[in-house]
Amino acid sequence: MQNLENRIIELEIQTALQADLIDSLSNTMAKMQQTLDLQQGQLRLLYRRLQEKGGEGSNAAYNPADEIPPHY
């Protein structure tokens, strides 16, 4: 009977540890999704700005090397 009780306790401990791990992984995935959403928004903004920059009457591809940095 003691052996059965020890096995049940061990299973309860394992279940608690697994639940904690699942919660931790879920939180990590939520943070990663937030980061991904932010990066996608930034990428859309950059793409829109590149489209606006290239749409000023020229069909040439935008080249950042043609831009003069503000400190010159």
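Residues numbered from 1 in each chain as written. Predicted model: local features only at pLDDT ≥ 70, side-chain atom pairs only at ≥ 80, totals over all residues. Heavy atoms only, no water.

Participant: What exactly am I supposed to notice about the overall build of the protein here?
Facilitator: When helices and strands are counted, the protein shows 1 helix and 0 strands. Here the protein, with 72 residues, has 0% of them falling under the buried criterion. With an accessible surface of roughly 7000 Å², the protein has 57% of that area assigned to carbon and sulfur atoms. (Helix = DSSP H or I, 4+ residues; strand = E, 2+ residues; numbered from the N terminus. Buried < 20%, exposed > 50% of the residue type's maximum accessible area, 1.4 Å probe, protein only. Areas by Shrake-Rupley, 256 points an atom, 1.4 Å probe, with all protein chains shown as cover.)

Participant: Before we go on, may I ask you to explain a nonpolar patch on the surface in this structure?
Facilitator: Residues M1, L4 and I8 make up a contiguous nonpolar surface patch of roughly 370 Å² in combined accessible area. Relative to the assigned elements, L4 resides in helix α1 (residues 2-54). (Patch = residues over 30% accessible without salt bridge, like charges linked within 9 Å, V, L, I, M, F, W, Y side chains within 5 Å. Salt bridge = Lys/Arg side-chain N within 4 Å of Asp/Glu carboxyl O.)

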